[in-house]
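Here is what each chain is made of, one letter per residue.
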Amino acid sequence: MQTRTDLIEDLMARFPHIPREAVIKEDLLRGGVAFDDSALTDNENGEVKPKSYFIFSFDHRTLPELGSAALRRPPEEIVLTGGPYDLRRTVVSVRVNPDSPYRVTDGGDGMLRLFLDGRPIGDVGLPPMPEYYRHTLSNGKSVMEVAPTIQWGYLIYLTVFRVCQYFGAKEECQYCDINHNWRQHKAAGRPYTGVKPVDEVLEAMEIINRYDTSGASRAYTLTGGSVTSKVDGLAEADFYGRYAKAIEERFPGRWIGKVVAQALPRADVQRFHDYGIRIYHPNYEVWDKRLFELYCPGKERYVGREEWHRRILDSAEVFGPRNVIPNFVAGVEMAEPFGFRTVDEAIASTGEGLEYFMSRGITPRFTTWCPEPTTPLGRTNPHGAPLEYHIRLLEIYRATMERHGLSSPPGYGPPGPGNAVFSVSSFMDTLPARTDPAAVPTPS
């Protein structure tokens, strides 16, 4: 019987041009990691930066099923080095799975290590508690609740609308748990602000700006659920845009402003740009037409796949192709019962989408699918997509970029194995290292 160690070592041997760090990182992201109690944090009262649940749960169990990891949070991210694979520094977003063959625990000498199949495969570093997390807003709210940072401090993640107006089985994206994540945090009595007031966001950003003396934070993302009617009396472009306007007026040029929103008509996209946003993420989620209709029923109903793609191309005329970076959820292509049955078919489809956008100068990026248990696709696919799919995606992604003469997208920190800080997929770990004026220094 093949062990997980056998699987990763087989893929490392078959794809030697893919960094070995990316093989392990993708496996951790798709399948999760377990934590010994010694590796859990003291929430906001300790020395380790805790997981903030910044938009989705990114866990393989609900909060009530996580046991001690629900009371003492795991770290936001871990960083891997060394071990038998001589891992270069690799930042990985934490997705908790108590049943994972990967486990973070004390190696017996007081140092944390990542174990796979009972064998240590890397040293584990935890993110230090940033000074700005130790300060609260004037109303007592924590900075972590209002403006958490991820990617080892590079990105301020502003989920200013914590629910989505695509609601219910006939509208919600079938892999997305944003609405459940809201419900589980409220049920657990955790602070989880639905619509974040602009003045609270500004106050949190002021605290970050004051105490981030090393300048590690370089970008912010404005995001949240889709707006199909209005929030606070505003349609989507003006609702999210008002935060950008306020931030840019208060802190001109301090951070790169990004927004994750629907693919909106060109006039709305222009308003984003006028508000001060410089990078636009109109996520296309999954390329295949049939799967888009099945997995994104609300987006298909309100906008439609072809119109969504047309709007992405239109937005490149406003922001410039390099600054339009739509995300897709890597792995849902193979989700049963509707997905592709073979890795070859799934990669061919995803590659078609990459070619469509990259041939026009637009560089998509992707998040490695975490099959959250409260979502329809998570329930039927608890193990996610095959690891081989994720490794071959990294291969075709890099090859398509190179064919079209593209480089790593702006606003994601430095690329290259040992340098990347983007934590929810390995695409930045797989690209060639280069100097990026918007990149954060490699964390020490």
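Refer to the structure presented above.
In this convention, every chain numbers its residues from 1, walking through the sequence in written order. A pLDDT threshold of at least 70 governs which residues receive local features in this predicted model, and a stricter bar of 80 or more applies before side-chain atom pairs are shown or counted, although totals over entire chains, interfaces and linings include all residues. Think of the side-chain values as coming from all heavy atoms in the structure, minus any hydrogens and water.

A few points about the environment of Arg-218
Here comes step 1: Each helix is a run of H or I in the DSSP string that is no shorter than four residues. Each strand is a run of E no shorter than two, and both are numbered from the N terminus. Mapped onto the elements of the fold, Arg-218 is located in the loop between helix H6 (198–211) and strand S9 (219–224).
Here comes step 2: Buried means the residue's accessible area, taken with a 1.4 Å probe over protein chains only, is under 20% of the maximum for its type, while exposed means over 50%, and partly exposed covers the values in between. With a relative accessible area of 22%, Arg-218 lands in the partly exposed category.
Here comes step 3: When the C-alpha atoms of Arg-218 and Lys-25 are compared, they prove to be 23 Å apart, with 193 residues separating the residues in sequence.
Here comes step 4: Pairing of N or O atoms within 3.5 Å defines a polar contact, subject to two protein rules: one partner must be a possible hydrogen donor and the other a possible acceptor, and residues neighboring in sequence count only if both atoms are side-chain atoms. Within the local environment of Arg-218, its side chain forms a polar contact with the backbone oxygen of Gly-215, the two atoms lying 2.7 Å apart.

Overview of helix H11 (residues 305–319)
Here comes step 1: With 15 residues, H11 extends 21 Å from end C-alpha to end C-alpha; this agrees with the ideal 21 Å at 1.5 Å per step.
Here comes step 2: Within the sequence span of H11, burial applies to Arg-305, Trp-308, His-309, Arg-311, Ile-312, Asp-314, Ser-315, Ala-316, Val-318 and Phe-319.
Here comes step 3: Between two residues, a contact is recorded if the distance between any of their heavy atoms is within 4.5 Å. Contact partners of the buried residues in H11: helix H8 (266–275), strand S11 (279–281), helix H9 (289–295), helix H10 (297–302) and helix H12 (343–358).
Here comes step 4: Remark: Gly-320 follows H11 within two positions and exhibits a positive phi of approximately 90°. Multiplying 1.5 Å by the residue count of a helix minus one yields the expected span of that helix.

A few points about empty space enclosed by the protein
Here comes step 1: Cavities and pockets are found on a 1 Å grid laid over the protein atoms alone: a cavity is a set of points where a 1.4 Å probe fits but cannot escape, a pocket is an open set with protein on both sides within 12 Å along at least five of seven lines, and a lining residue has an atom within 4 Å of such a point. Grid points are joined across faces, edges and corners, and a volume is the space filled by probe spheres set on the points. Counted under the stated rule, the structure contains 3 cavities of 30 Å³ or more.
Here comes step 2: Space inside the largest cavity adds up to approximately 720 Å³.
Here comes step 3: Secondary-structure elements contributing two or more residues to the lining of the largest cavity are strand S8 (155–161), helix H5 (178–187), S9, helix H7 (236–250), strand S10 (256–260), strand S12 (327–330) and strand S13 (365–368).
Here comes step 4: When residues are grouped by polarity, Ala, Val, Leu, Ile, Met, Phe, Trp, Tyr, Cys and Pro land in nonpolar, Asp, Glu, Lys and Arg in charged, and all others, Gly among them, in polar. Classifying every residue of the lining of the largest cavity by side-chain character gives 23 nonpolar, 14 polar and 7 charged.

Things to note about the pattern of salt bridges
Here comes step 1: By definition, a salt bridge exists where a carboxyl oxygen of Asp or Glu is found within 4 Å of a side-chain nitrogen of Lys or Arg. Under the definition given, this model contains 32 salt bridges.
Here comes step 2: The partner of Asp-238 in a salt bridge is Arg-271, with the nearest N and O atoms 3.0 Å apart. Linking Asp-238 in helix H7 with Arg-271 in helix H8, this pair joins segments that are 33 residues apart in sequence.
Here comes step 3: Assessed through its relative accessible area of 29%, Arg-271 is described here as partly exposed.

Observations concerning the sheet that holds strand S6 (residues 119–125)
Here comes step 1: Spatial ordering of the open sheet is given by S1-S4-S5-S6-S2-S3, a layout of 6 strands whose pairing is mixed. Two strands bound the open sheet, and with one partner strand each, they are strand S1 (34–35) and strand S3 (87–93).
Here comes step 2: Note: strand S2 (residues 77–82) against S6, 3 bridges, orientation antiparallel. Along S6, the bridge assignment pairs Val-79 with Gly-125.
Here comes step 3: Those strands touched by helix H1 (residues 4–14) are strand S4 (102–106), strand S5 (112–116) and S6, and its axis lies near 90° from that of S5.
Here comes step 4: Lying over the sheet, helix H2 (residues 20–31) contacts S2, S3, S4, S5 and S6, oriented at roughly 20° with respect to S3. Note on pairing: two strands pair once DSSP finds at least 2 bridges between them. Geometry is summarised by axes, namely lines fitted to C-alpha atoms with helices restricted to the contacting stretch, and by angles between N-to-C directions that run from 0 to 180 degrees.

Digging into H1
Helical geometry: 3.6 residues make up each α-helical turn, so side chains three or four residues apart lie on a common side.
Here comes step 1: Those residues of H1 not exposed but buried are Thr-5, Ile-8, Leu-11 and Met-12. What you see down the axis of H1 is that its buried residues fit within an arc of 135°, all on one side.
Here comes step 2: Packing partners of the buried residues in H1 comprise H2, S4, S5, S6 and helix H14 (387–403). Throughout, the arc means the angular range of directions from the helix axis out to the C-beta atoms.

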